Amino acid sequence: MQTPRRIFIRRPRSGLLSVFVFISVFLTMFVAWPASSFDVVGTGTTLLNIERNRGRLVRLDGPASTVFVANPEIADVQVKSPSLIYLMGKKPGQTTLFAVDAREKVLANIDISVTHNIERLRKAVRDLHPNSDISVASIDGSIVIEGT
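Please read all numbers here as calculations on a predicted model, not as lab measurements.

**A closer look at the side chain of Thr115**
Phase 1 of the analysis: By secondary structure assignment, the location of Thr115 is in strand β7 (residues 106-115).
Phase 2 of the analysis: Excluding its chain neighbours within four sequence positions, the residues that come into contact with Thr115 are Ile50, Glu51, Arg52, Pro92 and Ser138.

Next up, the structure:
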C-alpha cells in the first residue's frame, strides 16, 4: 500500500499588503512632497495687556479679511472696519489675536494677556493704608497681594 502524498498549495499573501505596497510606491514615484509643506507663524511680537471687561482698539496696517482670537473664552474681537478691530477682555488668561489679509499676509500676531480689573482694589489699599508697602497684581488668573 502506498502512502498518500500530501500536496501543499501556497496561497498568495494578503491582498491588503499588496495594495499597501502599491500605494507606497505610487506616492514615492509620482507625488512630489515639498521640503516644507507648512510655515509656522512665530509668536507675537507685541504683548497687549487688557483688564477683564475692558477693551482696546487696534488699528491694522491694511484691511483684514480674517480676524480671530485663539481662545474666545479669554478675549472677544469685533471688527469695526477692515483695518480697525476692538478687543475686549472676558476672563483672565492668555490668548493670541491674528489678523490676515486677502493674500494670507499676517497683519497682526498679538499675544494678549487678560488680567483682573484690579485698579479699584489698588486704590482701596492705597486709601486705607497710604504708607504701606502693599502691591496687588493679577497673575495666572489669580489676584496676588503682597507686602506689609
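**Observations concerning the sheet that holds strand β2 (residues 55-59)**
Phase 1 of the analysis: Here we have 3 strands laid out as an open sheet, ordered β2-β5-β4, and antiparallel in their pairing. Each edge of the open sheet is held by one strand with a lone partner, namely β2 and β4 (75-81). Sheet twist, expressed as the mean angle between neighbouring strand axes with direction ignored, is 25 degrees.
Phase 2 of the analysis: With 5 bridges connecting them, β2 and strand β5 (residues 84-89) associate as antiparallel partners. Across the sheet, the residue bridging to Leu57 is Tyr86, located in β5.

**Remarks on the side chain of His116**
Phase 1 of the analysis: Within the fold, His116 resides in the loop between β7 and α2 (119-128).
Phase 2 of the analysis: Among the residues examined, His116 registers a relative accessible area of 18% and is labelled buried.
Phase 3 of the analysis: Sequence-distant contacts of His116, defined by excluding residues within four places in its chain, comprise Glu51, Arg52, Pro92, Ser138, Gly141, Ser142 and Ile143.

**As for the nonpolar core**
Phase 1 of the analysis: The biggest cluster of nonpolar side chains holds 18 residues, and the ones touching the most others in it are Val58, Leu60, Leu87, Leu97, Ala99, Ile110 and Ile112.
Phase 2 of the analysis: Going through the elements one at a time, β1 (46-51), β3 (66-69), β5, β6 (93-100) and β7 are the ones with two or more residues in this core.
Phase 3 of the analysis: For this core, the leading source of residues is β7, giving 5 residues.
Phase 4 of the analysis: Leaving out residues up to four positions away in the same chain, Leu97 has contacts with Val67, Phe68, Val69, Val77, Ile85, Leu87, Ala108, Asn109, Ile110 and Ile112.

**Describing the pattern of salt bridges**
Phase 1 of the analysis: Overall, the coordinates contain 3 salt bridges when judged by the stated rule.
Phase 2 of the analysis: With its nearest N and O atoms 3.8 Å apart, the salt bridge here joins Glu73 to Lys91. One end of the pair, Glu73, is in the loop between β3 and β4; the other, Lys91, is in the loop between β5 and β6, and 18 residues separate them in sequence.
Phase 3 of the analysis: For Glu73, a relative accessible area of 52% translates into the label exposed.
Phase 4 of the analysis: For the salt bridge of Glu119 with Arg122, the shortest nitrogen-to-oxygen distance reads 2.8 Å. Here the residue Glu119 and the residue Arg122 both occupy positions in helix α2, the gap between them amounting to 3 residues, near one helical turn.

About the thresholds
Residues numbered from 1 in each chain as written. Predicted model: local features only at pLDDT ≥ 70, side-chain atom pairs only at ≥ 80, totals over all residues. Heavy atoms only, no water. Helix = DSSP H or I, 4+ residues; strand = E, 2+ residues; numbered from the N terminus. Contact = heavy atoms within 4.5 Å. Pairing = 2+ DSSP bridges. Axes fitted to C-alpha atoms, helices over the stretch in contact; angles between N-to-C directions. Buried < 20%, exposed > 50% of the residue type's maximum accessible area, 1.4 Å probe, protein only. Core = buried A, V, L, I, M, F, W, Y, C linked by side-chain atoms within 4.5 Å. Salt bridge = Lys/Arg side-chain N within 4 Å of Asp/Glu carboxyl O.

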